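Reading the structure
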Amino acid sequence: MQAKEALSIGEIANRVGLSVSAIRFYETRGLVMAHRTAGQQRRYLRADIRRLSFIKIAQQLGLSLDEIKAELDRLPLGRAPNARDWRGISTAIAATLDKRIQALTQTRDRLDGCIGCGCLSLETCALFNPGDQAGKSGAGPRYLLGDDIPPAKNR
């Protein structure tokens, strides 16, 4: 890495809008990689601006650090990602977001009805979940987890 390409942790933190401690954390998780100077100071490539910016955006979209790492592992180290690199990642993330949007929409639409928790504590449970039918599928709010509400029980 040439000195003119290298950014200190403070410089890259200011550029990306992250705290120095966040960048150190991402480094320990393998999301970015610093090079060390002779004095053991961290130096980052300018391409890491894109990687760190991607992390911020992906977290705002609800991706976990493991999901983010899996996508970043597809990117080249040592050079800025090109349009093709980002297109591959954006396609994968779009599919993940589409699934989450579908789940969120389904959850929103079912919030005022039975969520399939099997609680049997509400008067409507006798209508939506008689005999705790939802509980036969497993623990938790079955209908919000994606189980279908039996047709006769739909509103």
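You'll find the structure just up there.
Residues numbered from 1 in each chain as written. Predicted model: local features only at pLDDT ≥ 70, side-chain atom pairs only at ≥ 80, totals over all residues. Heavy atoms only, no water.

1. As for the pattern of salt bridges
By the definition in use, this model includes 5 salt bridges. Between R42 and E27 there is a salt bridge; the shortest N-O distance is 2.7 Å. In this pair, R42 is assigned in strand β3 (residues 42-44) and E27 in helix α2 (residues 20-28), connecting sequence segments 15 residues apart. What makes E27 buried here is its relative accessible area of 18%. Here K69 ties to D73 by a salt bridge, and the two come within 3.1 Å at their closest N and O atoms. A relative accessible area of 27% places K69 in the partly exposed class. (Salt bridge = Lys/Arg side-chain N within 4 Å of Asp/Glu carboxyl O. Helix = DSSP H or I, 4+ residues; strand = E, 2+ residues; numbered from the N terminus. Buried < 20%, exposed > 50% of the residue type's maximum accessible area, 1.4 Å probe, protein only.)

2. Some words on helix α4 (residues 65-72)
The complete set of buried residues in α4 reads L65, I68, E71 and L72. Along the axis of α4, the buried residues cluster in a sector spanning 125°; they form a single face. (Arc of directions from axis to C-beta.)

3. Some points on unusual backbone geometry
The residue Q40 is not glycine, and still its phi comes out positive at about 65°. Locating Q40 in the fold gives a position in the loop between β2 (35-36) and β3.

4. Some thoughts on the nonpolar core
Counting residues in hydrophobic clusters, the biggest one holds 25 residues, and the most contacted among them are I12, I23, Y26, L52 and I68. Of all the secondary structure elements, the ones that give two or more residues to this core are α1 (9-16), α2, α3 (47-60), α4 and α5 (83-110). If you tally residues by element for this core, the top one is α3, at 5 residues. (Core = buried A, V, L, I, M, F, W, Y, C linked by side-chain atoms within 4.5 Å.)

5. What to know about the packing of aromatic side chains
Centre distance and the angle of the planes are the two values used to describe a pair of aromatic rings. Enumeration according to the criterion identifies 2 aromatic pairs in this entry. Centre to centre, the rings of F25 and Y26 are 5.9 Å apart; their planes meet at 55°, and the pair counts as tilted. Classification of Y26 by relative accessible area gives buried; the value is 6%. (Phe/Tyr/Trp six-rings, centres within 6.5 Å; stacked < 30°, edge-to-face > 60°.)

6. Side note on the side chain of E71
Secondary-structure assignment places E71 in helix α4. Overall, E71 belongs to the buried group, its relative accessible area being 14%. Leave out the neighbours within four places in its chain, and E71 touches F54, I89, A92 and I93. (Contact = heavy atoms within 4.5 Å.)

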